[in-house]
Amino acid sequence: MCLPSLFKHILLAVFDPIFMREEHEMERRGNWRQAQFLRRKHHLDLFSSIQSWKRIGNLILAQQRLVFLAQKEEFFRECEGRCLMHLTLDLAPDKDCLMEKLRTAQRLSSETHQKLWYEERRYQKLRASIPEGPLRRALYAREMQPDWHLSSKWLQGHCAAMGGCCRRSCGCCAKPRNSDIHSKIYGHCFSYCICCTDTRGFDVRPKNLENDPMHVSLDMSKAQIIGEYEERLLNSYIWGLL
Ligand SMILES: [Zn+2]
Ligand SMILES: [Zn+2]
Ligand SMILES: [Zn+2]
């Protein structure tokens, strides 16, 4: 239901304080799931619109892009480390070729590091643009959960099905995907995951997230009734009810 924005503001002013009291009461009793269930119900009943789904779709994509770039940066850092080790131990028959590989890895890790910096700012702007209301509260409550992405069995199953580390017992998805201790990025595997690459036995180097064979594209920009895949993503990333 797409409501004119004035009507929406009135609804927010009149009903949202009541909703917030109900949600707060559920949380006070330790019933986090019930509070999220209420937020979802309130959002779907009164505030749902194509615009809000579009924003959330962009936010989920931006979060996945952070994970993708973090894995890409670590991948090229690992390439650098392996090249340097071969050079130090004098293991390479063709030193010029190895030096060229090292320079390429250094350039790409540095470029990806910069892209990641910009992408983190973009993500924060998108997050801040989610309007006041039950959807925003659900998102913030979900983010407060420790290991939120691991609590979704569906996300873990999806990662395993795509050949990610959730298929194995390595535990990579439980650890930060980058080495920046001030801004840790958590998420499931894409093609640049070093552990997945070593297990697979060959490199897959997609230019961007959209070209990654381990990524499933999502689109919440057009349809008011979103697909089953998008519904499950929403449930994993926002409501936390899977
Ligand atoms: Zn792993
Ligand atoms: Zn992996
Ligand atoms: Zn995983």
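This is a predicted model, so every value here is computed, not measured.

(A) Examining the overall build of the protein chain more closely. Helices and strands together make up the secondary structure of the protein chain, namely nine helices and zero strands. Moving toward the C terminus, one meets the helices and strands of the protein chain in the order α-α-α-α-α-α-α-α-α. Principal axes of the C-alpha set define a box for the protein chain whose edges measure 75 × 35 × 30 Å. Sorting the 242 residues of the protein chain into buried and exposed places 27% on the buried side. Restricting the contact set of the protein chain to residue pairs at least 6 apart, pairs at least 24 apart contribute 68%.

(B) Molecular detail of the nonpolar core. Counting 23 residues, the largest nonpolar core has Val-67, Ala-70, Cys-159, Cys-165, Cys-189, Phe-190 and Cys-193 as the members making the most contacts within it. The element contributing the most residues to this core is helix α3 (residues 50–88), with eight residues. Cys-165 has contacts with Cys-159, Cys-170, Cys-172, Cys-173, Cys-189, Cys-193, Cys-195 and Cys-196, leaving out every residue within four places of it along the chain.

(C) Up close: the confidence of the model for the protein chain. The share of residues in the protein chain with pLDDT of 70 or more is 95%, and the mean pLDDT across the chain is 89. Ranking the elements of the protein chain by mean pLDDT puts helix α1 (residues 5–28) last with 82 and helix α8 (residues 194–200) first with 97.

(D) Inspection of the packing of helix α2 (residues 32–47) against helix α5 (residues 134–144) at higher detail. The N-to-C vectors of α2 and α5 enclose an angle of 150°; their axes lie 8 Å apart at closest approach. Our classification of the angle between α2 and α5 gives roughly antiparallel. Viewed along their axes, α2 and α5 form a crossing whose handedness is left-handed. Of α5, the residues touching α2 (which contributes Ala-35, Gln-36, Arg-39, Arg-40, His-42, His-43 and Phe-47) are Pro-134, Leu-135, Arg-137, Ala-138 and Ala-141. Its residues assigned to classes, the contact of α2 with α5 shows six nonpolar, three polar and three charged.

(E) The arrangement of helix α9 (residues 228–239) in detail. Every buried residue belonging to α9 is among Leu-233, Leu-234, Ser-236, Tyr-237, Ile-238 and Trp-239, and all of these are buried. With its phi angle positive at about 70°, Gly-240 sits one or two positions after the end of α9.

(F) Summary view of the packing of α5 against α9. At a minimum axis separation of 7 Å, α5 and α9 run at an interaxial angle of 70°. By the angle between their axes, α5 is roughly perpendicular relative to α9. Taken together, the residues of α9 that come into contact with α5 (itself represented by Leu-135, Ala-138, Leu-139 and Arg-142) are Tyr-237, Ile-238 and Trp-239.

(G) Layout of the environment of Ser-110. Within the fold, Ser-110 resides in helix α4 (residues 95–128). Residues Ser-110 and Phe-76, 34 residues apart in the sequence, show an inter-C-alpha distance of 8.8 Å.

(H) Main features of the environment of Ala-92. The residue Ala-92 is located in the loop between α3 and α4 in this model. The exposure class of Ala-92 is partly exposed, given the 15 C-beta atoms found within 10 Å. Contacts of Ala-92, omitting those with residues within four sequence positions, involve His-86, Leu-87 and Leu-98.

(I) Structural view of the environment of Tyr-140. As for its position among the elements, Tyr-140 is in helix α5. Between the C-alpha atoms of Tyr-140 and Cys-83, which are 57 residues apart in sequence, the distance is 42 Å.

Rules used throughout
Residues numbered from 1 in each chain as written. Chains lettered and ligands numbered in written order. Predicted model: local features only at pLDDT ≥ 70, side-chain atom pairs only at ≥ 80, totals over all residues. Helix = DSSP H or I, 4+ residues; strand = E, 2+ residues; numbered from the N terminus. Buried ≥ 20, exposed ≤ 12 C-beta atoms within 10 Å, placed from the backbone. Contact = placed C-beta atoms within 7 Å. Core = buried A, V, L, I, M, F, W, Y, C linked by C-beta atoms within 7 Å. pLDDT = per-residue confidence, 0-100. Axes fitted to C-alpha atoms, helices over the stretch in contact; angles between N-to-C directions. Parallel < 35°, antiparallel > 145°, perpendicular 65-115°, else oblique. Left-handed = near helix turned anticlockwise from the far one by under 90°. Nonpolar A, V, L, I, M, F, W, Y, C, P; charged D, E, K, R; others polar.

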